[in-house]
Protein chains: 2
Amino acid sequence: MVKSNPHLTKLQSNYLFPEVMKRKRAFLEENPHANLISLSIGDTTEPIPKPITDAMLRASQSLSKRESYAGYGPEQGSLDLRLKISEHFYRNKITADEIFISDGAKCDIGRLQMFFGPDVTVALQDPAYPVYLDGSVIAGQTGSFDLKANSYENLYLLPCNEKNNFFPDLASSPKTDLIYFCSPHNPTGYAATYDQLKQLVAFAKENQSIIIFDSAYAFYIQDPNLPRSIYEIPGAEDVAIEVGSFSKMAGFTGVRLGWTIIPQNLKFEEGQSVKALWNRFISTIYNGASNIAEQGGLACFTSEGKKEISKTISYYIENTRILKQAIDQKFETFMDINAPYIFAKCGPRSSWDYFNELLEKAHLITVPGSGFGKQGEHFLRFSCFGSRSDIELAANRLLNL
Amino acid sequence: MVKSNPHLTKLQSNYLFPEVMKRKRAFLEENPHANLISLSIGDTTEPIPKPITDAMLRASQSLSKRESYAGYGPEQGSLDLRLKISEHFYRNKITADEIFISDGAKCDIGRLQMFFGPDVTVALQDPAYPVYLDGSVIAGQTGSFDLKANSYENLYLLPCNEKNNFFPDLASSPKTDLIYFCSPHNPTGYAATYDQLKQLVAFAKENQSIIIFDSAYAFYIQDPNLPRSIYEIPGAEDVAIEVGSFSKMAGFTGVRLGWTIIPQNLKFEEGQSVKALWNRFISTIYNGASNIAEQGGLACFTSEGKKEISKTISYYIENTRILKQAIDQKFETFMDINAPYIFAKCGPRSSWDYFNELLEKAHLITVPGSGFGKQGEHFLRFSCFGSRSDIELAANRLLNL
């Protein structure tokens, strides 16, 4: 009989969000009339601006007419969209041929893991978005789970906590092939400074590592001095891949659209272009994002689209301010708002304890920080997506806790 | 420095369709006014029926309103759509929880390869759709490319040719973990009979293999006695995964929508449910198809949608008839029409020779059969997607060759 994939079966059970949902369901079974508010999974709740949905509407219509029907698009994505991303997000410093359109950041991170294969070593921030770790395990890039150590063998963690102001101590960090780095950071909400990213790029150069930079929350940065892309750092194009997303930028969580930058300069040890091999890879096992989603993506770059997107992001940022004011009364937070998440240190007990307490006493669903890594223990992550009324109600419940 | 993925770099260059496109471009450079007709990549050309695009239009609109906006859907896909697929394609024999919605068959085949991991052995039809082989190589399921043998080590091929009526001789076939099987078959167009699939299922049971059955062209079957799904064979749910697609059924090649069936009964050697592990896997590295595409998919099951889809398929089948009449005057074909492809034996010279000849003399772009495997040598694949006028012109050019 067929044996299961030995890498896949290394994965420990209880993927974070399913466990959160399980506890939510169990609570609702016992308390069917509870008005739960979800500050849990980072899912957008505000509608997509009309100029953007209108573009998707027109894209749908155009598929019903012979003269405008189109079948397969290029696996790399629509050239128009790649040009707009190049111009608007990278001031043409990253060119269209270095941009690959995807069906979202999570999916492309999974593809990157398959692309790099089993022989690379991996470092990631602790805490971190679970997909970096879980996908690395599936791709065979780690050893087995060590129950005693409560960690995977051959996995290198970069602790981010209040002691180092949520930026890893690179001087004591290991040398690995890949370094996942997310800024603004999920779950802590920390946005790295220009100098910190400069250090990170220098660290990667010194160690001949490749950074996989997740910029999914770049549009939430409020401080104009903070970099929104790793490529704002000179030389980053020699060492970094960047993964971007329309999900949190324009409410495309269900529409599915993102991009990945593989710079021309990035080379493997053998001298082979990473971009050329990636192009071969995605042409083989991928078929491009939905052409309707791509037309929606294009509309994000019109002046009307940009204005509307900016309004929605401001709305979520205002949510974050409201929630932070309440959380600060009860728990400890550490940073300014540059992301739609608040990472709060709740006290000496376990994250799951505080999760249960907020569920039971305030009917709020959060995410236990420990689910993102050991360094997240004692913390809760509050997602600030949601309607204003829900967020205000959640803030009141926290204040009355 | 980071080493490239040793499995990925085993892949031989010249992926079939890029090479076809290269030769096309080279020809057009020398003959800029040539009116080339593409009978090459199997890409749909007829518009998507309006009831279906209208559903996608409404889905786009609904995303612009707070009351109907939706973010992340389930990774497994919309339950409504899974129920419709269960009812309409599987008469509820396959249940909704065994159906996983994807962004297309090619992408899900890539995910299946990552899912099964490096330790499984693989058999596939020769000739075959290149993704089965290339993806297996990337996943580390084969050895290196052996230049002398002109094949990958540890790859098991099931020859399909005129001698065995394009169905593999299972009595002499090797035992492998996975068996890719496509029916109606790309590129040969052969649709396996009920008895043949019964043999295949028995063969898989005997060898404790898992069949990955690609049914992307099921809707083109004209002979009502031929099975459209592997699950028409009793017991197939113990040994087979089926991959389906809206691409060739409803013109969704650019919209991206498909599904994969992982039956409840399918187990790994350790007794673990394949479905449970697949569910874990896709929840980790995938985020579902576009919700707009899913609404289009749902509209395919309305009575109006079904009627219109059936018209478009009849149109392509009529194309195939017209083209086959012409091809039969020049080359040898072997089977009835149950697919939008014609696989023609052209003579003693190489496939690429005939490809070049048809390009130069008739300005037709085809696909060399040898690109699909050794058994395809001396053959050309003609795709029958295209406007009626192009197909008629192509048929005339063939007759005048």
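Because the structure is predicted, anything quoted here is derived from the model rather than measured. (Residues numbered from 1 in each chain as written. Chains lettered and ligands numbered in written order. Predicted model: local features only at pLDDT ≥ 70, side-chain atom pairs only at ≥ 80, totals over all residues. Heavy atoms only, no water.)

### Observations regarding the overall build of chain A
Rule in force here: A run of H or I in DSSP becomes a helix once it reaches four residues, and a run of E becomes a strand once it reaches two; helices and strands are each numbered from the N terminus. The globule rule used for comparison is 2.2 Å times the number of residues to the exponent 0.38, while the radius of gyration itself is calculated over C-alpha atoms. Here, two residues are considered to be in contact whenever any of their heavy atoms come within 4.5 Å of each other. Residue-level accessible areas treat just the shown protein chains as cover; the underlying method is Shrake-Rupley with a 1.4 Å probe.
A tally of regular secondary structure across chain A gives twelve helices and 14 strands. On C-alpha atoms alone, chain A measures out to a radius of gyration of 21 Å, which is about the 21 Å that the 2.2 N^0.38 rule sets for 401 residues. Counting only C-alpha atoms and orienting by the principal axes, one finds that chain A spans roughly 60 × 55 × 50 Å. For chain A, restricting intrachain contacts to residue pairs at least 6 apart in sequence, the fraction spanning at least 24 positions comes to 73%. When the accessible surface of chain A is summed, it comes to about 14600 Å², and 47% of that surface belongs to carbon and sulfur atoms.

### Focus on the state of the cysteines
Residue and element names in this part refer to chain B. As a reminder, the rule being used: Cysteine sulfur atoms are paired as a disulfide whenever they fall within 2.5 Å. The buried label applies to any residue whose accessible area, calculated with a 1.4 Å probe on protein chains only, is under 20% of its type's maximum; exposed applies above 50%, and partly exposed to all values in between.
Taken as a whole and judged by the stated rule, the model has zero disulfides over all chains. In this structure C346 is not part of a disulfide, and its nearest cysteine sulfur, from C384, lies 14 Å away. What makes C346 buried here is its relative accessible area of 12%.

### What to know about helix α5 (residues 130-138) of chain B
All names here are of chain B. Across the nine residues that make up α5, a large majority, eight, are buried. Looking at α5, one finds that the buried residues are P130, V131, Y132, D134, G135, S136, V137 and I138. Count one or two residues on from α5 and you reach G140, which has phi positive near 80°.

### Structural notes on the interface of chain A and chain B
Note the threshold: Summed over both partners, the accessible area lost on bringing two parts together, with a 1.4 Å probe, is the buried area. Salt bridges, as used here, are contacts in which a Lys or Arg side-chain nitrogen is within 4 Å of a carboxyl oxygen on Asp or Glu.
Opposite the 82 residues of chain A that make contact, chain B presents 82 residues. Taken together, the two surfaces of chain A and chain B that pack against each other cover about 7000 Å², and 60% of this comes from carbon and sulfur. Among the residues chain A hides against chain B, the three largest losses belong to A:M1, A:V2 and A:Y72. Together they make up 12% of the total. At the junction of chain A and chain B, the tally comes to six salt bridges.

### Observations concerning empty space enclosed by the protein
What counts is decided by this rule: With a 1 Å grid laid over protein atoms only, a set of points is called a cavity when a 1.4 Å probe fits there but cannot get out and a pocket when it is open yet has protein on both sides within 12 Å along at least five of seven lines; lining residues have an atom within 4 Å of a point. Grid points are joined across faces, edges and corners, and a volume is the space filled by probe spheres set on the points. Under the convention adopted here, Pro, Cys and the residues Ala, Val, Leu, Ile, Met, Phe, Trp and Tyr are nonpolar, Asp, Glu, Lys and Arg are charged, and Gly plus all remaining residues are polar.
The final tally for this structure, using the stated rule, is eight cavities of 30 Å³ or more. Within this model, the largest cavity holds a volume of roughly 160 Å³. Around the largest cavity, the lining comprises 15 residues; the ones closest to its centre are A:P118, A:A139, B:P118, B:I138 and B:A139. Its residues placed into classes, the lining of the largest cavity shows eight nonpolar, seven polar and no charged.

### Re the packing of aromatic side chains
We apply this condition: Within 6.5 Å between ring centres, the rings of Phe, Tyr and Trp (the latter by its six-membered ring) count as paired, and their orientation is classed by plane angle as stacked under 30 degrees, edge-to-face over 60, tilted in between. Any Lys NZ or Arg CZ that is within 6 Å of a ring centre and within 35 degrees of that ring's normal is treated as a charge sitting over the ring.
If you walk through the whole model with that rule in mind, you get 66 aromatic pairs over all chains. For the pair A:F116 and A:F268, a centre-to-centre distance of 6.1 Å together with 75° between the ring planes defines the contact as edge-to-face. With A:F116 in helix α4 (residues 105-116) and A:F268 in the loop between β10 (258-261) and α8 (274-285), this pair connects stretches of sequence that are 152 residues apart. Residue A:F116 is classed as buried on the basis of its relative accessible area, which comes to 1%. Consider the rings of B:F246 and B:F252, whose centres lie 5.8 Å apart with planes at 35°: the pair is tilted. Taken together, the ring pairs connect A:F89, A:Y90, A:F219, A:Y231, A:F246, A:F252, A:W259 and A:F301 into an aromatic cluster. The residue whose ring lies beneath B:R23 is B:W352, and the NZ or CZ to ring-centre distance is 4.0 Å. Geometry around B:Y286 places B:R111 over its ring, the cationic atom sitting 3.9 Å from the centre.

### Quick look at the sheet that holds strand β8 (residues 210-214) of chain B
All names here are of chain B. Test applied: In short, DSSP must find at least two bridges between two strands for them to pair. Only the stretch in contact is used when a helix axis is fitted, and all axes are lines through C-alpha atoms; the angle between N-to-C directions ranges over 0 to 180 degrees.
Taken in spatial order, the seven strands line up as β2-β10-β9-β8-β7-β3-β6 in an open sheet, and their pairing is mixed. Two strands in the sheet have a free side with no partner beyond their single neighbour: β2 (99-102) and β6 (155-159). Each neighbouring strand pair of the sheet contributes to a mean axis angle of 20°, computed without reference to strand direction. Across the sheet, helix α4 (residues 105-116) touches β2, β7 (178-182), β8, β9 (240-245) and β10 (258-261), and the angle it forms with β9 is around 150°.

### Some thoughts on the environment of B:K307
When you line up the elements, B:K307 lands in helix α10 (residues 303-330). For the pair B:K307 and B:P49, spaced 258 residues apart in sequence, the C-alpha to C-alpha distance is 9.4 Å.

### As for the relation of the copies chain A and chain B
Short version of the rule: Fitting of the copies onto one another was done by least squares over C-alpha atoms, counting residues only where both copies have pLDDT of at least 70.
Mapping chain A onto chain B leaves a residual RMSD of 0.0 Å; the transformation is a rotation of 180° accompanied by 0.0 Å of translation along its axis. Here the transformation between the copies is reduced to the relation of a two-fold axis. Considering only C-alpha atoms, the part of chain A nearest the rotation axis is A:L57, at 2.3 Å.

### Quick look at the packing of α4(A) against α8(A)
For any two helices packed against each other, one specifies the inter-axial angle together with the distance between the axes. All names here are of chain A. Using the following cut-off: The labels follow the angle: roughly parallel below 35 degrees, roughly antiparallel above 145, roughly perpendicular from 65 to 115, and oblique for the rest. By convention, the crossing between two helices is left-handed when the near helix turns anticlockwise from the far helix through less than a right angle, and right-handed when the turn is clockwise.
The interhelical angle for the contact between α4 and α8, taken along N-to-C directions, is 110°, at an axis separation of 11 Å. With respect to α8, the axis of α4 lies roughly perpendicular. Both α4 and α8 take part in a crossing whose hand is right-handed. Packed against α4, whose contacting residues are D108, R111, L112, M114 and F115, the element α8 presents V274, L277, W278, F281 and I285 at the interface.

### What to know about the confidence of the model for chain A
So the rule is basically this: Note on scores: pLDDT gives the predictor's confidence for each residue, bounded by 0 and 100.
Residues at a pLDDT of 70 or more form 100% of chain A, whose mean pLDDT is 96. Per the prediction output, this complex has pTM 0.97; the corresponding ipTM is 0.96.

### Considerations on the sheet that holds strand β13 (residues 367-368) of chain B
Residues and elements named next belong to chain B. Spatially, β11-β14-β13 is the arrangement adopted by the three strands of the open sheet, whose pairing is antiparallel. In this open sheet, the two strands that pair with only one neighbour each are β11 (341-345) and β13. Here two bridges tie β13 to strand β14 (residues 379-383), and the two strands are oriented antiparallel to one another. The residue of β14 that forms the bridge with V367 is R381. Strands β13 and β14 of the sheet are contacted by helix α11 (residues 351-362), whose axis makes an angle of about 50° with β14.

### Here we look at the packing of α4(A) against helix α5 (residues 130-138) of chain A
All names here are of chain A. The contact between α4 and α5 brings their axes to 9 Å, and the two run at 35°. For the pair α4 and α5, the crossing hand works out as right-handed. Packed against α4, whose contacting residues are K106, I109 and Q113, the element α5 presents V131, Y132, G135 and S136 at the interface. For the contact of α4 with α5, the per-class residue count stands at three nonpolar, three polar and one charged.

### Some words on the pattern of salt bridges
What the rule picks out here adds up to 34 salt bridges over all chains. Salt-bridge contacts for A:E75 lead to B:K106; the nearest nitrogen and oxygen are separated by 3.2 Å. Here A:E75 is found in the loop between α2 (50-62) and α3 (79-90), whereas its partner B:K106 is found in helix α4 on a different chain. Among the residues examined, A:E75 registers a relative accessible area of 18% and is labelled buried.

### What about the pairing of β7(B)?
Residue and element names in this part refer to chain B. Put simply, the rule is: Orient the strands so they point away from the viewer, and a crossover whose first-strand-to-second-strand path over the helix runs clockwise is right-handed.
Summarising burial for β7: five of the five residues are buried, a large majority. Here β7 shows a buried face lined by L178, Y180 and C182 and a second buried face lined by I179 and F181. Where strand β3 (residues 122-126) lies against β7, three bridges are found, and the strand directions are parallel. Bridged to A123 within β7 is I179. Where β7 and β8 come together, five bridges link them in parallel fashion. Directly across from Y180, in β8, lies its bridge partner I212. The handedness of the β7 to β8 crossover, carried by helix α6 (residues 194-207), is right-handed.

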